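Structural overview
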Amino acid sequence: AKASAGGQLAARPQAPAALPKGAKCKVLTASYGGQKAILIQAPGEGGVHFTVLDVNDGNEKREADAYIAAYAKGGTVAGEYASHTQAIDKAFELCPEG
């Protein structure tokens, strides 16, 4: 029997999309003051913006949703990290020229 990709995957952060050739990207940071970090991928000027958003434990989803609604329209959560440093490293891996 084949495993279904059903609804379980919908709750997980989406994998960051590969950038199209010639697309520009930028790495930004923002903070609600917490120790955890969420990587947000959103359309930006001529390409993609990756924002490392520091969030508070237990409020990750609410804070990410609020940030996306206010500053990263059309954005998605591309990953959740235990620290700001881990999220920054991933952002610059995805966007070396950031």
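Look a little higher up for the structure.
First things first, this report covers the structure right here in the doc. (Residues numbered from 1 in each chain as written. Predicted model: local features only at pLDDT ≥ 70, side-chain atom pairs only at ≥ 80, totals over all residues. Heavy atoms only, no water.)

**Topic: the overall build of the chain**
- A count of helices and strands for the chain gives two helices and four strands.
- Counting from the amino terminus, the chain carries its helices and strands in the arrangement β-β-β-α-β-α.
- Relative to its full complement of 98 residues, the chain shows a buried share of 33%.
- Look at the contacts in the chain between residues 6 or more apart in sequence, and 57% of them connect residues 24 or more apart. (Helix = DSSP H or I, 4+ residues; strand = E, 2+ residues; numbered from the N terminus. Buried < 20%, exposed > 50% of the residue type's maximum accessible area, 1.4 Å probe, protein only. Contact = heavy atoms within 4.5 Å.)

**Points about the nonpolar core**
- In terms of nonpolar packing, the biggest core is built from 13 residues, with L39, F50, V52, A87, A91 and C95 touching the most fellow members.
- Mapped onto this core, the elements with two or more residues apiece are β1 (24-31), β2 (36-44), β3 (47-55), β4 (76-81) and α2 (84-94).
- Once residues lying within four places of it in the same chain are set aside, the contact partners of C95 are C25, K26, V27 and F50.
- One finds I40, A42, A64 and I68 within the second-largest nonpolar core, a separate group that totals 10 residues. (Core = buried A, V, L, I, M, F, W, Y, C linked by side-chain atoms within 4.5 Å.)

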